[in-house]
Amino acid sequence: LITNLKVSNSIDLKLIELNDATVVYKAIDENRAFFRKWLPFIDATKSAKDTYSFIKSIVDDVEHRQELFTVWYNGIFVGLIGLKDIDFLNRKLEIGYWIIEEMTGNGIVTRSIERIIQFIFEKMELNRIQIKCGVGNKASSAIPKRLGFSFEGIERQGEKHFNTYLDLEVYSFLREEDI
C-alpha cells in the first residue's frame, strides 16, 4: 500500500504511524466537545497512550485489514480518514473520517475523500465504497452527497454511542460511477 497521497498543494494524506499518537491525541483532546456528539471513542481516549494503543492495534492487525490516513493541511495535522472493513473477496470497504472543528467547511475532507476514492478504485482495485454518518450529522453526510454517493437507507441503531445507539445514514459509491 502507498504511504502518502497528495491531494493538493496544501493537503497531504499519510499512512498513520505509531509516532503520530501524540499529535492525534492532542487534536482529539482539544476538540473533545466538538467530537463528542458523533464519535463514540472520545470519552475512552484519555491520553496519548490510549491513542498509541489504538494506532498499534490498527498497524498490527493484518487479519482485519484497516488503513488509517492522517490528514495534513499546510503541514499541520487536522484529521483522520480510515479505510475499514476492507473486504478483498467482495471488493469493498467503508470510509470513516473526522476533522478538527477549526478546519471544517474548507473542503479538506471532501477533496481528501475524492483522492482516496481514486486510490481505492485504481490501486486497491475495489468495486464498492460505503460511508456511514450519524442521522443528523449534516456536515458529515454532506460529503458523500457532494461526491455523488447514493443514499441506501438507514441502518437502525448501527453504532453504540455512550448509553444509547445512533441510527446511521448509509451511502455507497461504485467503481462504475467513478468521479
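Located above this text is the structure these notes cover.
The following refers to the structure shown.

Criteria and thresholds
- Residues numbered from 1 in each chain as written.
- Predicted model: local features only at pLDDT ≥ 70, side-chain atom pairs only at ≥ 80, totals over all residues.
- Heavy atoms only, no water.
- Buried < 20%, exposed > 50% of the residue type's maximum accessible area, 1.4 Å probe, protein only.
- Helix = DSSP H or I, 4+ residues; strand = E, 2+ residues; numbered from the N terminus.
- Arc of directions from axis to C-beta.
- Contact = heavy atoms within 4.5 Å.
- Pairing = 2+ DSSP bridges.
- Right-handed = clockwise from strand over helix to strand, strands pointing away.
- Core = buried A, V, L, I, M, F, W, Y, C linked by side-chain atoms within 4.5 Å.
- Axes fitted to C-alpha atoms, helices over the stretch in contact; angles between N-to-C directions.
- Parallel < 35°, antiparallel > 145°, perpendicular 65-115°, else oblique.
- Left-handed = near helix turned anticlockwise from the far one by under 90°.
- Nonpolar A, V, L, I, M, F, W, Y, C, P; charged D, E, K, R; others polar.

This part is about helix α5 (residues 138-146). Buried residues of α5: Ser140, Ser141, Ile143 and Pro144, and no others. Taken down its axis, α5 places every buried residue within 140 degrees of arc, on the same side. Facing away from the buried surface of α5 by more than 90 degrees, the exposed residues are Lys138, Ala139, Lys145 and Arg146. Against the buried residues of α5 lie β5 (92-99), α4 (108-122), β6 (128-134) and β8 (164-174). Immediately beyond the C-terminal end of α5, within one or two residues, lies Gly148, with a positive phi of roughly 85 degrees.

What follows covers the pairing of β5. Most of β5 is tucked away: six of the eight residues are buried. By the bridge criterion, seven bridges tie strand β4 (residues 76-87) to β5 in an arrangement that is antiparallel. Paired with Lys84 across the strands is Glu94, a residue of β5. Adjacent in sequence and paired antiparallel, β4 and β5 are bridged by four residues, among which Arg91 carries a positive phi angle near 55 degrees. Bridging between β5 and β6 involves four bridges; their strand directions are parallel. Looking at β6, one finds that Ile95 is bridged to Ile131. Handedness of the crossover is the feature at issue here: the chain leaves β5, passes through α4, returns alongside β6, and the resulting connection is right-handed.

To continue, consider the nonpolar core. Counting 49 residues, the largest nonpolar core has Ile95, Trp98, Ile113 and Ile120 as its most contacted members. For this core, the element with the highest residue contribution is α4, accounting for eight residues. Setting aside residues no more than four positions away along its own chain, Ile95 makes contact with Ile81, Gly82, Leu83, Ile113, Ile116, Ile120, Ile129, Gln130, Ile131 and Lys132.

Time to look at the packing of helix α1 (residues 21-30) against helix α3 (residues 48-60). Between α1 and α3, the least distance of the axes is 8 Å, while the angle of their chain directions is 120 degrees. When the interaxial angle is binned, α1 and α3 end up oblique. Note on packing geometry: the crossing formed by α1 with α3 is right-handed. Along the contact surface, α1 presents Ala21, Thr22, Val24, Tyr25 and Ile28, while α3 presents Ala48, Thr51, Tyr52 and Ile55. A class-by-class count of the residues in the contact of α1 with α3 yields seven nonpolar, two polar and no charged.

All quantities given are derived from atomic positions and should not be read as evidence of function.
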